[in-house]
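# Fold and geometry: a report
Residue strings, one per chain:
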Amino acid sequence: MFCLTGCDVNYNLVINEDSFDETITMSFLKSQTNYDDLSAYLRGKTPATLNSGETRYYDSDISEDANYYNLIYKFNHDSTSINNAYFIRNCYPNFEIINTDDKIELSSGNEFMCFNGDDGLKADSVNINITTDLKVLNNNADNVSGNTYTWNIDETNYNNKPINMQIQKPVKIENIIEENDSSFTLIFVIIVVLISILVVYLIIRFKTKKNNAI
């Protein structure tokens, strides 16, 4: 699909705390592309995930401007399905997103596998854009514009173009409450232990004085 003919590809991933929204746009020059051939891809459904018990599909459409036909795929993933996303899994087989209570970590492996097709055709360029309002702790993007991080892939670097990113998730109120509860519990236990020691000490001291008085 990426290599139907020479094309420009924009892969956009919007990351929220518990959602991952994909939009893939493949732009084909009208002078080199037959609309009917391109629209044939809309008649078949493209699975949004691989190796999943439930098959769900991308929403797909074609838009156009003066020079290009734009083949567009969209899907809203959750934290489970994103690791099996069709385009991600095909183009970066080792891609992994680890989503914990406090962080989201992305790592891709080195080679972008979709740049050259089996038929010898290739994409002209691929831009991977990751957008998030969450705090980004580190990344290896080529460009950063506002809250969008971009990796540019072309024929000079597709075989060694890893994507790495670490995102801080906001601290939830319930986590703060749990931490405070844990701290309170620890303090309470310490106080009880200290009081117990003091009581034992006073009892022993009282008995000692009583014995000495006798």
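Residues numbered from 1 in each chain as written. Predicted model: local features only at pLDDT ≥ 70, side-chain atom pairs only at ≥ 80, totals over all residues. Heavy atoms only, no water.

### Let's talk about the sheet that holds strand 3 (residues 59–64)
Stated precisely, the cut-off is as follows: Pairing between two strands is assigned when DSSP locates at least 2 bridges connecting them. To qualify as a helix, a DSSP run of H or I must reach at least 4 residues; to qualify as a strand, a run of E must reach at least 2; elements of each kind are numbered from the N terminus. Every axis corresponds to a line fitted to the C-alpha atoms, with the helix fit spanning only the stretch in contact, and the corresponding angles, defined between N-to-C directions, vary from 0 to 180 degrees.
Sheet architecture is open: 7 strands sit in the order 3-4-2-1-7-10-9, paired in mixed fashion. Every other strand in the sheet has two partners, leaving strand 3 and strand 9 (143–145) as the edge strands with one partner each. Sheet twist, expressed as the mean angle between neighbouring strand axes with direction ignored, is 20°. In this sheet, strand 10 (residues 148–153) lies alongside strand 9 in antiparallel orientation, the contact comprising 3 bridges. Directly across from Asn-143, in strand 10, lies its bridge partner Thr-150.

### Details of the sheet that holds strand 11 (residues 164–168)
Where strands meet in a sheet, backbone hydrogen bonds hold them as pairs that are either parallel or antiparallel. Spatial ordering of the open sheet is given by 5-6-11-8, a layout of 4 strands whose pairing is antiparallel. Edge strands, defined here as strands with exactly one partner in the open sheet, are strand 5 (96–99) and strand 8 (135–139). Strand-to-strand, the axes of this sheet are offset by a mean angle of 15°, without reference to chain direction. In the sheet, strand 6 (residues 103–107) pairs with strand 11 via 5 bridges, with the strands oriented antiparallel.

### As for the pattern of salt bridges
Pairing is possible between side chains that carry opposite charge, provided their charged atoms lie close to one another. Keep this limit in mind: A pairing counts as a salt bridge when a side-chain nitrogen of Lys or Arg comes within 4 Å of a carboxyl oxygen of Asp or Glu. Buried, partly exposed and exposed residues are distinguished by accessible area as a fraction of the type maximum, computed with a 1.4 Å probe on protein chains only: under 20%, between the cut-offs, and over 50%, respectively.
For the structure on display, the rule yields 3 salt bridges. When the shortest N-O distance is used, the salt bridge between Asp-18 and Lys-169 registers 3.8 Å. Taken as a pair, Asp-18 in the loop between strand 1 (8–15) and strand 2 (19–29) and Lys-169 in the loop between strand 11 and helix 3 (173–213) lie far apart in primary sequence, 151 residues in all. The exposure class of Asp-18 is partly exposed, given its relative accessible area of 45%. The partner of Asp-142 in a salt bridge is Lys-161, and the shortest N-O contact between them spans 2.8 Å. Linking Asp-142 in the loop between strand 8 and strand 9 with Lys-161 in the loop between strand 10 and strand 11, this pair joins segments that are 19 residues apart in sequence. Relative accessible area serves as the criterion here: at 36%, Asp-142 is assigned to the partly exposed category. With relative accessibility at 12%, the residue Lys-161 sits in the buried group.

### Digging into the pairing of strand 10
In terms of burial, strand 10 is largely enclosed, as 5 of its 6 residues are buried. Sheet topology note: the strand 7 (residues 125–132)/strand 10 ladder contains 6 bridges and is antiparallel. Within strand 10, the residue paired with Thr-131 across the bridge is Thr-148. Taken together, strand 9 and the strand that follows it, strand 10, pair antiparallel across an intervening segment of 2 residues, in which Gly-146 is found at a positive phi of about 65°.

### Regarding the packing of aromatic side chains
The line we're drawing: Ring pairs are drawn from Phe, Tyr and Trp, using the six-membered ring of Trp, whenever the two centres fall within 6.5 Å, and their geometry is named by plane angle: stacked under 30 degrees, edge-to-face over 60, tilted for the rest.
Enumeration according to the criterion identifies 9 aromatic pairs in this entry. Centre to centre, the rings of Tyr-58 and Tyr-73 are 5.9 Å apart; their planes meet at 85°, and the pair counts as edge-to-face. Residue Tyr-58 is found in the loop between helix 1 (35–43) and strand 3, and its partner Tyr-73 is found in strand 4 (residues 68–78); the two are separated by 15 residues along the sequence. Taken individually, Tyr-58 and Tyr-73 each receive the classification buried, so the pair is uniform in this respect. Note on Tyr-58 and Phe-75: the rings are 6.1 Å apart at their centroids and 75° apart in plane angle, and the pair reads as edge-to-face. Placement of Tyr-58 in the loop between helix 1 and strand 3 and of Phe-75 in strand 4 is noted, with a sequence separation of 17 residues between them.

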